[in-house]
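# Geometric and topological summary
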Amino acid sequence: MTTATGVPAFGRRGYRVPEELSARVPAEQRGPGLDRDAVRLLVSRGTEVSHHSFAELPRLLRAGDLLVVNTSPTLAAAVDGRIGHARVVVHFSTRGDDGRWTVELRDPDGRGTTRARAGGPAGTEVRLPGGLRLVLEGAVSERLWWARVSGGEVFGLLREHGRPVRYSYTERDQPLSVYRTVFALPSSDGSGSAEMPSAARPFTGRTVAELVSRGVRFAPVRLHAGVASAEAHEPPYAERFAVPETSARLINAVKAGDGRVLAVGTTVVRAVESAAGADGVVRARAGWTDLVVTPERGVRVVDGLLTGLHEPEASHLLMLEAVAGRAAIDRGYEEALRGRYLWHEFGDVHLLLPPEGPHAEHCVSNCS
């Protein structure tokens with residue numbers, strides 16, 4: 001089935017974004033004089049769609065709006081190892097409270113990237129650089145396993161021998177700085193995200209300064225994102241998050257006034273909605289969240305969302321529908337495909353805003 005414009009119907013089972021629409025290098029490497037903000041910005045207000053550059057963002061928001069951002073730094077979470085004589089790549093995803101890690105084992109593909117590998121069995125030992133040993137203990141999902149590391153400390157291993165997680169649609173290895181956003185702050189214990197909270201990547205210091213000068217405010221939260229391999233598209237699993245008291249107060253104040261609470265990334269939606277009570281009030285919280293935001297659950301706090309473009313099978317799309325509604329997402333993605341927007345962490349971005357006008361009620365999913 002295709003639309004009247006000839007664009008494949010969004011959400012069709014098995015449909016894939018055309019390979020040529022994968023962003024292979026960061027925006028600043030595509031030509032001289034470019035910066036991170038040299039990406040396109042698709043704006044959806046309900047089913048009304050408009051096309052912009054990311055540099056126009058400050059003029060698309062209004063004084064009193066609040067951008068909630070994720071301060072989690074990206075880790076160099078990919079490390080080479082060996083199982084017997086076989087080479088493997090370990091993606092360190094999430095550190096548990098008991099010191100174990102969830103990990104994904106990948107096979108090198110000979111092109112500098114990796115391909116999926118069957119996990120397990122329990123007891124499998126991986127030799128790591130520096131004399132460390134990793135032993136698989138139990139399955140978390142088909143590809144993720146709990147594992148225990150001995151012989152050294154994992155954060156030190158990542159700092160010395162790790163590199164950013166990279167997938168096959170990218171052109172070459174990049175330094176860790178490319179995978180960190182302007183909002184990233186170091187954690188006291190060295191923790192961070194296995195994969196970049198990429199919706200914030202196009203922001204530069206110049207963009208932030210212009211937003212502030214126009215009366216847009218910022219509230220930091222933290223959610224350490226685990227690995228989300230492009231082949232898998234599983235529902236999100238438990239991740240560590242924190243919403244500080246100052247941010248909770250600011251979010252509640254904006255909700256009580258005329259401003260809009262706009263999440264920069266799906267990680268932010270998960271963190272903020274995990275800290276919200278049934279009354280819609282956000283309270284300071286820190287710990288683990290296993291919340292999955294779906295259209296049935298809806299959103300209690302977030303009015304809009306800035307996010308990357310997701311493949312049709314991605315579980316993130318349920319969250320987008322919870323924020324904006326299925327019709328808005330279908331329409332936006334039809335336009336993104338027709339306009340040949342770029343996908344993935346170095347690609348273009350999508351701003352979902354509430355509809356405007358005298359008859360526009362923001363009641364897609366956060367009205368009950």
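The structure contained in this document is the topic of the report that follows. (Residues numbered from 1 in each chain as written. Predicted model: local features only at pLDDT ≥ 70, side-chain atom pairs only at ≥ 80, totals over all residues. Heavy atoms only, no water.)

With that settled, the discussion passes to the nonpolar core. Among the nonpolar cores identified, the biggest contains 45 residues, and Val68, Val243, Ile251, Val269, Val272, Val282 and Trp343 are the most heavily contacted of them. Of all the secondary-structure elements, those providing two or more residues to this core are strand 3 (66–70), strand 11 (217–223), strand 12 (239–243), helix 4 (245–256), strand 13 (261–264), helix 5 (266–274), helix 6 (316–324) and helix 7 (326–338). Here this core takes 6 residues from helix 6, the largest share from any one element. The residues touching valine 272, leaving out its near neighbours within four places in the chain, are Val68, Val221, Ile251, Val282, Val301 and Val302. If you look at the next biggest cluster of nonpolar residues, it comprises 31 residues, including Ile83, Leu132, Phe155 and Tyr169. (Core = buried A, V, L, I, M, F, W, Y, C linked by side-chain atoms within 4.5 Å. Buried < 20%, exposed > 50% of the residue type's maximum accessible area, 1.4 Å probe, protein only. Helix = DSSP H or I, 4+ residues; strand = E, 2+ residues; numbered from the N terminus. Contact = heavy atoms within 4.5 Å.)

With that settled, the discussion passes to the side chain of threonine 113. By the secondary structure assignment, threonine 113 is in the loop between strand 6 (101–108) and strand 7 (114–116). A polar contact of 2.4 Å, which involves the side chain of threonine 113, links it to the side chain of aspartate 109. (Polar contact = N/O pair within 3.5 Å; in protein donor to acceptor, adjacent residues only side chain to side chain.)

Here we have 9 strands laid out as an open sheet, ordered 2-1-16-15-13-3-11-12-14, and mixed in their pairing. Looking at which strands have only one partner, the edges of the open sheet turn out to be strand 2 (48–53) and strand 14 (285–289). Within this sheet the neighbouring strands show an average axis-to-axis angle of 20°, counted without direction. The pairing of strand 12 with strand 14 spans 5 bridges and is classified as antiparallel. (Pairing = 2+ DSSP bridges. Axes fitted to C-alpha atoms, helices over the stretch in contact; angles between N-to-C directions.)

A ring pair, where both rings are aromatic, is described by two values, the distance of the centres and the angle of the planes. Within this structure, the stated rule accounts for 8 aromatic pairs. Their ring planes at 70° and their centres at 6.1 Å tell us that tyrosine 333 and tryptophan 343 sit as a pair that is edge-to-face. Within this pair, whereas tyrosine 333 is found in helix 7, its partner tryptophan 343 is found in the loop between helix 7 and strand 16 (349–353), the two being separated by 10 residues in sequence. Across this residue pair, the class does not change: tyrosine 333 and tryptophan 343 are buried. Ring-pair connections join several aromatic residues into one group, and the members of that group are Phe54, Phe183, Phe203 and Phe218. (Phe/Tyr/Trp six-rings, centres within 6.5 Å; stacked < 30°, edge-to-face > 60°.)

Considering the arrangement of structural elements, one finds arginine 127 in strand 8 (residues 125–127). Each C-alpha atom, one on arginine 127 and one on glycine 81, is 5.4 Å from the other, the two residues being 46 residues apart in sequence. In contact with arginine 127, not counting residues within four places along its chain, are Asp80, Gly81, Arg82, Gly84, Leu132 and Arg133. Within the structure, arginine 127 has its side chain in polar contact with the backbone oxygen of glycine 84 (distance 3.1 Å).

This next bit is on the packing of helix 6 against helix 7. Helix packing geometry: the angle between the two helix axes and the distance between the axes. In contact at an axis separation of 7 Å, helix 6 and helix 7 are set at 115° when each is read in the N-to-C sense. Where helix 6 abuts helix 7, its residues Leu317, Leu320, Glu321 and Ala324 lie against Arg326, Ala328, Ile329 and Tyr333. Grouping the constituent residues of the contact of helix 6 with helix 7 by class yields 6 nonpolar, no polar and 2 charged. (Nonpolar A, V, L, I, M, F, W, Y, C, P; charged D, E, K, R; others polar.)

Looking at the secondary structure, you find leucine 144 in strand 10 (residues 144–150). Judged by its relative accessible area of 0%, leucine 144 is buried. The spatial distance from the C-alpha of leucine 144 to the C-alpha of threonine 267 is 19 Å, given a sequence separation of 123 residues. Those residues in contact with leucine 144 that lie beyond four places of it in its chain are Val103, Glu104, Ala139, Val227 and Tyr237.

Inspection of every chain in the model, using the stated rule, returns 34 salt bridges. Here aspartate 37 makes a salt bridge to arginine 206, at a shortest N to O gap of 2.7 Å. Highlighted residues: aspartate 37 in the segment before strand 1 (40–45) and arginine 206 in helix 3 (residues 205–213), separated in sequence by 169 residues. Owing to a relative accessible area of 10%, aspartate 37 belongs among the buried residues under this scheme. In this structure, arginine 62 and glutamate 356 form a salt bridge, with 3.7 Å as the shortest nitrogen-oxygen distance. Residue arginine 62 is found in the loop between helix 1 (57–60) and strand 3, and its partner glutamate 356 is found in the segment after strand 16; the two are separated by 294 residues along the sequence. For arginine 62, a relative accessible area of 38% puts it in the partly exposed group. One connected set of salt bridges, linked through shared partners, spans Arg45, Arg62, Asp65, Arg260 and Glu356. (Salt bridge = Lys/Arg side-chain N within 4 Å of Asp/Glu carboxyl O.)

Secondary-structure assignment places threonine 170 in the loop between helix 2 (154–161) and helix 3. Side-chain polar atoms of threonine 170 contact the side chain of arginine 166, separated by 2.8 Å. Other than its neighbours up to four places away in sequence, threonine 170 contacts Arg24, Thr113, Glu345 and Phe346.

All quantities given are derived from atomic positions and should not be read as evidence of function.
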